Amino acid sequence: MNEKTVINGPVYDARTLGTPKMLVLGIQHMFAMFGATVLVPILTGLDIATTLLFAGLGTLLFHFITKRKVPAFLGSSFAFIGGYNAIRQVGVDAAGQPIYNNDLLIYACFGVACAGLMYVILSALFKAFGVKKVMKFFPPIVTGPIIISIGLILSSSAITNCNANWLVAVSAIVIVICFNIWGKGMTKIIPILLGVLGSYVISMIFDPASRAKVVESVAAADMLGLPINWDRTVFHLFNMNVDTGMLLSAVFTIVPLSLATMVEHIGDVCAISSTVGKNYVADPGLHRTLLGDGLATTLAALFGAPANTTYGENTGVLALSKVYDPRVIRIAACFAIVFSFCPKFAALITAMPTATIGGVSLILYGMISAVGVRNVVENK
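Numbers given for residues are sequential positions, taken from 1 along each chain in its written order. Note on the predicted model: pLDDT of at least 70 is required for a residue's local features to be given, and 80 or more for side-chain atom pairs to be given and counted; whole-chain, interface and lining totals, by contrast, use all residues. Side-chain metrics in this entry use all non-hydrogen atoms of the structure; hydrogen atoms and water are not considered.

Student: Which residues make up a nonpolar patch on the surface, and what values go with them?
Tutor: A cluster of nonpolar side chains, I159, W166, V170 and V174, forms an exposed patch at the surface whose accessible area comes to about 320 Å². The element that contributes the greatest number of residues to the nonpolar patch is helix α7 (residues 166-182), accounting for three residues. Patch construction takes residues with relative accessible area above 30% that form no salt bridge. Like charges are linked within 9 Å, and nonpolar side chains (Val, Leu, Ile, Met, Phe, Trp, Tyr) are linked within 5 Å. Accessible surface area values rest on a Shrake-Rupley calculation with a 1.4 Å probe, where residue burial reflects the displayed protein chains alone. A carboxyl oxygen of Asp or Glu within 4 Å of a side-chain nitrogen of Lys or Arg is what we treat as a salt bridge. Strands are runs of DSSP state E lasting at least 2 residues, helices are runs of H or I lasting at least 4, and numbering of each runs from the N terminus.

Student: Which residues make up the nonpolar core, and what values do they have?
Tutor: Of all hydrophobic cores here, the largest spans 38 residues; its most connected members are M33, F34, L39, L43, F73, F78 and V360. For this core, the elements supplying multiple residues, two or more each, are α1 (19-44), α2 (48-65), α7, α9 (191-206), α15 (326-339), α16 (343-350) and α17 (354-378). Broken down by element, this core gets its largest block of residues, eight residues, from α1. What makes two residues a contact is simply this: any of their non-hydrogen atoms within 4.5 Å. In this structure, F73 is in contact with M33, A55, T59, T309, T310, Y311, N314, I329, A332, A333 and A336, ignoring residues within four places of it in sequence. By size, the runner-up hydrophobic cluster in this structure holds 22 residues, among which are L105, A108, V112 and L257. The nonpolar core is taken to be a set of buried Ala, Val, Leu, Ile, Met, Phe, Trp, Tyr and Cys residues, with the residues joined through side-chain atoms within 4.5 Å. Each residue gets one of three labels from its accessible area relative to the maximum for its type: buried under 20%, exposed over 50%, partly exposed in between, using a 1.4 Å probe on protein chains only.

Student: Explain empty space enclosed by the protein residue by residue, including any values.
Tutor: Residues are called lining when one of their atoms sits within 4 Å of a cavity or pocket point, these points coming from a 1 Å grid over the protein atoms alone, where a cavity is a set in which a 1.4 Å probe fits but cannot get out and a pocket is an open set with protein on both sides within 12 Å along at least five of seven lines. Grid points are joined across faces, edges and corners, and a volume is the space filled by probe spheres set on the points. Summed over all chains, the structure comprises one cavity of 30 Å³ or more. What the largest cavity holds in volume is close to 30 Å³. Taken together, D47, T50, N229, R232, F303 and G304 form the lining of the largest cavity. Throughout, the ten residues Ala, Val, Leu, Ile, Met, Phe, Trp, Tyr, Cys and Pro are labelled nonpolar, Asp, Glu, Lys and Arg are labelled charged, and all others, Gly among them, are labelled polar. Looking at the lining of the largest cavity residue by residue, the classes come out as one nonpolar, three polar and two charged.

Student: Report on helix α4 (residues 105-129), specifying residues and quantitative values.
Tutor: Between its first and last C-alpha atoms α4 spans 36 Å; for 25 residues at 1.5 Å apiece the expected length is 36 Å, and the two agree. Note on α4: the residue one or two positions beyond its end, G130, has a positive phi of about 90°. The span one expects for a helix is its residue count, reduced by one, times 1.5 Å.

Student: Help me get a handle on the environment of I228, residues and values and all.
Tutor: Along the chain, I228 turns up in the loop between α10 (208-220) and α11 (244-254). Overall, I228 belongs to the partly exposed group, its relative accessible area being 34%. Linking I228 and F206, residues 22 residues apart in sequence, is a C-alpha distance of 35 Å. Setting aside residues up to four positions removed in sequence, I228 forms contacts with T50, L53, F54, T233 and F303.

Student: Run through the packing of α2 against helix α13 (residues 281-302), naming residues and quoting values.
Tutor: Relative orientation of the contacting elements α2 and α13 amounts to 150°, with a least axis distance of 8 Å. By the criterion of interaxial angle, the relationship of α2 to α13 is roughly antiparallel. Two packed elements cross with a definite hand, and for α2 against α13 that hand is right-handed. Where α2 abuts α13, its residues F54, G58, L61, F62 and I65 lie against R288, T289, L291, G292, D293, L295, A296, L299 and A300. Taken together, the residues of the contact of α2 with α13 break down into nine nonpolar, three polar and two charged. Helix axes use the C-alpha atoms of the stretch in contact, all axes being lines fitted to C-alpha atoms, and the angles between their N-to-C directions lie in the range 0 to 180 degrees. When describing relative orientation, an angle under 35 degrees is termed roughly parallel and one over 145 degrees roughly antiparallel, while 65 to 115 degrees is termed roughly perpendicular and anything else oblique. A crossing counts as left-handed when the near helix is turned anticlockwise from the far one by less than a right angle, and as right-handed when that turn is clockwise.

This is the structure:
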């Protein structure tokens with residue numbers, strides 16, 4: 001396939017970029033998705049290394065199914081966070097804070113795997129009946145409020161995390177907002193990552209306990225390790241006494257969330273099409289993009305990773321760099337896979353201050369609700 005890349009106007013063959021430039025562009029895309037992708041396992045108790053592995057593998061699977069035409073990266077979906085936490089919560093403590101049992105995440109992952117199959121069903125409907133007929137069943141008046149509710153419900157947990165240290169939380173919020181408004185170049189594309197890093201450093205300076213936790217966690221972790229823990233995969237259900245009630249509860253709690261994420265997927269594909277100037281809705285078609293996203297989500301969930309979704313952050317990188325070659329995205333996916341085999345890297349992320357998570361997640365949850373509001377308003 002003779003792929004073309006647009007760089008500042010002129011059209012170049014992808015091969016003229018050269019390996020060094022392609023690698024740098026791939027790293028840029030990886031950092032753009034990184035902050036949000038690793039935040040999901042931090043908020044849900046899932047494994048960070050597994051998350052990175054299946055973000056990379058899911059992206060490569062998506063590109064294979066879409067004929068290597070769509071420059072999209074698949075990272076962790078925030079829409080399912082409420083479902084994960086609802087399943088693993090077993091009560092509240094004396095202070096009213098939720099008590100979680102991460103052993104129950106296996107059931108939540110089963111529900112997410114089933115949610116991924118909903119994409120496959122919708123993909124088949126698009127293929128059989130066409131886009132217009134199927135989209136009549138997903139009016140904005142239904143999907144918009146669902147998306148709004150997801151963000152509002154999750155915001156309470158963000159406030160709880162912020163209470164750990166409001167100085168650190170507010171610093172994360174301020175950094176994200178400042179770079180999002182006044183950032184230049186790459187800094188404008190990765191405000192979430194910069195907010196995490198900046199508040200992380202502030203916490204290390206003003207909180208000795210947090211600093212000690214980071215040093216201890218990183219020192220104890222190995223340099224290399226396998227990113228999959230068999231006991232955290234859905235396949236482990238075959239080796240235990242399955243709670244059928246919990247299994248059904250996970251399915252009925254999580255699968256409906258796919259209605260919102262499927263609509264989000266369609267919007268993302270339209271956004272990428274607009275950015276690149278190609279109609280990916282028609283070629284390779286929504287039936288292929290939905291199939292790729294759904295199968296990537298099911299694959300990730302079966303092995304204990306979060307649901308995948310097409311990432312708007314990477315669409316922003318496309319608009320900034322004017323480099324639309326899907327090969328760059330596949331390079332980013334390979335980098336994510338490589339990082340997943342480094343436990344020290346995962347330990348550094350796991351030791352992240354609770355307040356940092358709270359500040360950043362508060363913005364992200366607000367963004368989710370904002371998408372729902374925009375969905376309703378723009379469609380009148």
